Amino acid sequence: MESLRQRARLLRQVRAFFDRRGVLEVNTPLLSRWGIPDPAIPSIPAEAGDGRRWLHTSPEFPMKRLLASGSGDIYQICPVFRDGEQGRWHNPEFTLLEWYRLGMEEQALAMEVCELVAELAREAEGPLANLESEPAVISYREAYRRHAGVDPFEDETGAIAEAAIRVTGTGGPLDWGRNDWLDLLGSLKVYPALGHGRPAVVTEFPADQAALARVHPGSPPTAARFEVVLGGVEIANGFHELSDPEEQLRRFRVETEERQGQGLPPVPWDPQLISALEAGLPDCAGVALGLDRLIALVLGCDGIGPVTAFPWDRA
Amino acid sequence: MATYSTNEFKGGLKIMLDGEPYNILENEFVKPGKGQAFNRVKVRNLKTGRVIDRTFKSGESVEAADVFEMDMQYLYTDGEFYYFMVPDTFEQHQASPAAMGETAKWIREQDVCKVTLYQGDPLSVEPPPFTELKIVETDPGVRGDTSGGGGKPATLETGAVVRVPLFIDEGEVIKVDTRKGEYVSRVKD
């Protein structure tokens with residue numbers, strides 16, 4: 001009960017943080033006719049009287065529709081749902097804090113995330129009370145080189161698989177793809193080494209992990225995407241938002257094909273997002289932060305269980 | 001053929017890996033922010049007892065192992081095999097010395113044991129966690145010494161040897177913790 005009181009206090013602090021910066025709190029629907037086709041994000045369907053809907057996995061698309069209709073800077077605190085994601089740092093229903101800042105690029109937004117993190121850490125008066133807000137910025141490539149001994153852009157898939165198998169004892173079948181091995185290494189070796197003493201900001205992701213970010217041209221091209229890591233746990237993911245409707249449509253189609261290829265049930269992509277991008281999304285950066293995780297970390301909990309009133313198995 | 005999805009993984013689930021039955025000891029879900037999720041499990045081979053780590057992509061399925069546990073009554077041994085009976089059905093099973101392991105030295109006829117069956121045959125047998133056994137051989141008791149310090153070896157009616165306090169005498173019945181192989185208390189008639 002004490003951690004729930006602390007949680008309530010920190011939620012007030014989050015709202016005060018955005019209030020001071022003139023960011024507007026909004027609420028968008030939890031249940032939508034459209035979902036997200038990304039095969040790595042499993043949606044939960046719900047049967048309404050007038051047809052199937054999807055519990056949102058993030059409020060990103062409707063928030064972008066608000067931005068396109070002139071909302072200005074906005075934030076939202078809401079439950080989101082991802083099927084099957086259950087573990088020490090995962091619950092299929094969890095609390096997301098998502099916000100968008102006009103005219104900002106991803107680096108500036110990453111700094112704002114770290115300011116919020118440091119402010120909550122101070123307020124919580126827990127083990128991270130003296131956390132530096134100035135993050136350690138590291139590129140995705142350098143993080144993998146330093147903490148897993150592989151070059152995620154240059155090394156052969158076989159070499160990355162070998163490194164992952166060394167770390168995990170036994171790996172999976174050798175028909176796993178390059179990104180599977182990179183994800184496994186990241187989860188077990190790279191991320192746990194980051195974000196100690198100060199938050200870490202990971203930048204310059206491979207272009208094929210862009211998700212909803214713009215891509216910086218270059219050799220190799222990199223995604224305008226960042227992640228914030230605290231105490232070895234990924235807490236936030238942000239983008240300089242993709243605003244090109246054709247590119248967005250292309251990515252939806254690629255993801256839909258990937259889903260089919262993996263034998264996953266289809267999830268219809270949101271045509272209203274494409275219309276909003278066509279109407280014009282203002283230049284902006286956005287970020288989604290796992291609020292349960294951040295609160296657990298600043299309170300010194302070893303998982304999100306203590307700050308979740310009733311976890312999935314008891315919900 | 002029954003299968004389990006990684007979503008159903010939890011401690012105690014019995015699965016087949018490389019044609020061998022395993023018991024899941026620990027299941028950990030890991031996932032990068034965006035990308036592939038994994039289940040890392042620690043599993044024990046039910047035949048050899050060896051513990052290994054495995055990593056699955058979340059959403060994968062594995063074959064369920066035809067393994068279940070049931071309480072059975074110990075009947076007798078013919079010197080090689082050990083015979084057990086399901087009390088409700090009178091169905092009998094024969095356990096090999098390998099399946100018995102150390103269990104034989106703790107049980108008497110009619111004791112109820114937990115038998116793990118794999119494809120219908122006993123794979124392992126666990127004795128009751130606590131049992132009461134008579135001492136058949138030990139040094140004479142030292143009257144009045146209830147300090148519990150030191151102790152002496154005592155041979156039980158089933159053949160097991162445990163350390164008992166000095167005041168215990170031959171012919172007495174004691175309560176034993178079979179998991180630790182330790183004396184718990186004296187049993188008064």
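Computed from a predicted structure; not experimentally measured.

S.K.: Residue-level account of the overall build of chain A, with values.
M.R.: When helices and strands are counted, chain A shows nine helices and 14 strands. A globule of 315 residues ought to have a C-alpha radius of gyration of about 20 Å, and chain A, at 19 Å, matches this closely. Taking the principal axes of the C-alpha coordinates as reference, chain A spans close to 50 × 45 × 40 Å. Within chain A, residue pairs in contact and separated by at least 24 positions form 68% of the contacts whose partners lie at least 6 positions apart. Looking at chain A, you have 31 positive and 47 negative side-chain charges, and the mean spots of the two groups are 4 Å apart.

S.K.: An account of the nonpolar core is needed here, citing residue identities and associated values.
M.R.: Residues and elements named next belong to chain A. Counting residues in hydrophobic clusters, the biggest one holds 42 residues, and the most contacted among them are Phe18, Leu97, Trp99 and Val113. Per-element accounting of this core gives the leading share, nine residues, to helix α3 (residues 106-124). If we ignore the near neighbours within four places in the chain, the residues touching Trp99 are Phe18, Ile74, Tyr75, Leu109, Glu112, Val113, Leu116, Ala285, Gly286, Val287 and Leu289. Formed by 27 residues, the second largest nonpolar core is a distinct cluster that contains Ala148, Leu184, Ala200 and Ala223.

S.K.: Which residues make up the side chain of Gln248 of chain A, and what values go with them?
M.R.: Residue and element names in this part refer to chain A. As for its placement among the helices and strands, Gln248 is situated in helix α7 (residues 245-261). Of the residues examined, Gln248 reaches a relative accessible area of 1% and is grouped as buried. Excluding its chain neighbours within four sequence positions, the residues that come into contact with Gln248 are Leu212, Leu242, Leu273, Ile274 and Leu277.

S.K.: Can you break down a negative patch on the surface residue by residue, with the values?
M.R.: Together, Glu137, Asp139, Asp169 and Glu170 of chain B give the surface a local cluster of negative charge. Overall, Asp139 of chain B belongs to the partly exposed group, its relative accessible area being 49%.

S.K.: Quick rundown of the sheet that holds strand β3 (residues 20-30) of chain B? Include the residues and the values.
M.R.: Residues and elements named next belong to chain B. Sheet architecture is open: four strands sit in the order β2-β3-β4-β5, paired in antiparallel fashion. Of all the strands in the sheet, the pair left with one neighbour each is β2 (14-17) and β5 (51-57). Averaged over neighbouring strand pairs, the angle between their axes works out to 45° when direction is ignored. Pairing analysis gives eight bridges linking β3 to strand β4 (residues 38-45), with the strands arranged antiparallel.

S.K.: Mind laying out the interface of chain B and chain A, listing which residues take part and the relevant values?
M.R.: Opposite the 18 residues of chain B that make contact, chain A presents 24 residues. Where chain B abuts chain A, roughly 1,900 Å² becomes buried across the two surfaces, and 54% of that area is made up of carbon and sulfur atoms. By the criterion of area lost to chain A, the three top residues of chain B are Phe29, Lys31 and Lys34 of chain B, representing 35% of everything that side buries. Connecting chain B to chain A are two salt bridges. Residue Lys31 of chain B pairs with Glu85 of chain A through a salt bridge whose shortest N-O separation is 3.6 Å. Our enumeration of links across chain B and chain A arrives at three residue pairs in polar contact (both at pLDDT 80 or more). Considered class by class, the residues forming the side of chain B that touches chain A number five nonpolar, five polar and eight charged.

S.K.: Go over the UniProt feature "domain: Translation elongation factor P/YeiP central" (unreviewed entry) in chain B with me, naming the residues and quoting the values.
M.R.: Feature annotation in UniProt assigns "domain: Translation elongation factor P/YeiP central" (unreviewed entry) to the following positions: residues 69-123 of chain B. From the first C-alpha to the last, residues 69-123 of chain B spans 10 Å; its make-up is 7% helix and 49% strand.

S.K.: Which residues make up the pairing of β3 of chain B, and what values do they have?
M.R.: Summarising the sheet, β2 of chain B and β3 of chain B pair through four bridges and their orientation is antiparallel. Opposite Leu17 of chain B, over in β3 of chain B, you have Glu20 of chain B as the bridge partner.

What counts and how
- Residues numbered from 1 in each chain as written.
- Chains lettered and ligands numbered in written order.
- Predicted model: local features only at pLDDT ≥ 70, side-chain atom pairs only at ≥ 80, totals over all residues.
- Heavy atoms only, no water.
- Helix = DSSP H or I, 4+ residues; strand = E, 2+ residues; numbered from the N terminus.
- Rg over C-alpha atoms; globule rule 2.2 N^0.38 Å.
- Contact = heavy atoms within 4.5 Å.
- Lys, Arg positive; Asp, Glu negative; His and termini not counted.
- Charge placed at Lys NZ, Arg CZ, Asp CG, Glu CD.
- Core = buried A, V, L, I, M, F, W, Y, C linked by side-chain atoms within 4.5 Å.
- Buried < 20%, exposed > 50% of the residue type's maximum accessible area, 1.4 Å probe, protein only.
- Patch = residues over 30% accessible without salt bridge, like charges linked within 9 Å, V, L, I, M, F, W, Y side chains within 5 Å.
- Areas by Shrake-Rupley, 256 points an atom, 1.4 Å probe, with all protein chains shown as cover.
- Salt bridge = Lys/Arg side-chain N within 4 Å of Asp/Glu carboxyl O.
- Pairing = 2+ DSSP bridges.
- Axes fitted to C-alpha atoms, helices over the stretch in contact; angles between N-to-C directions.
- Buried area = accessible area lost by both parts, 1.4 Å probe.
- Polar contact = N/O pair within 3.5 Å; in protein donor to acceptor, adjacent residues only side chain to side chain.
- Nonpolar A, V, L, I, M, F, W, Y, C, P; charged D, E, K, R; others polar.
- UniProt positions renumbered as here; feature names shortened; annotations may be inferred.

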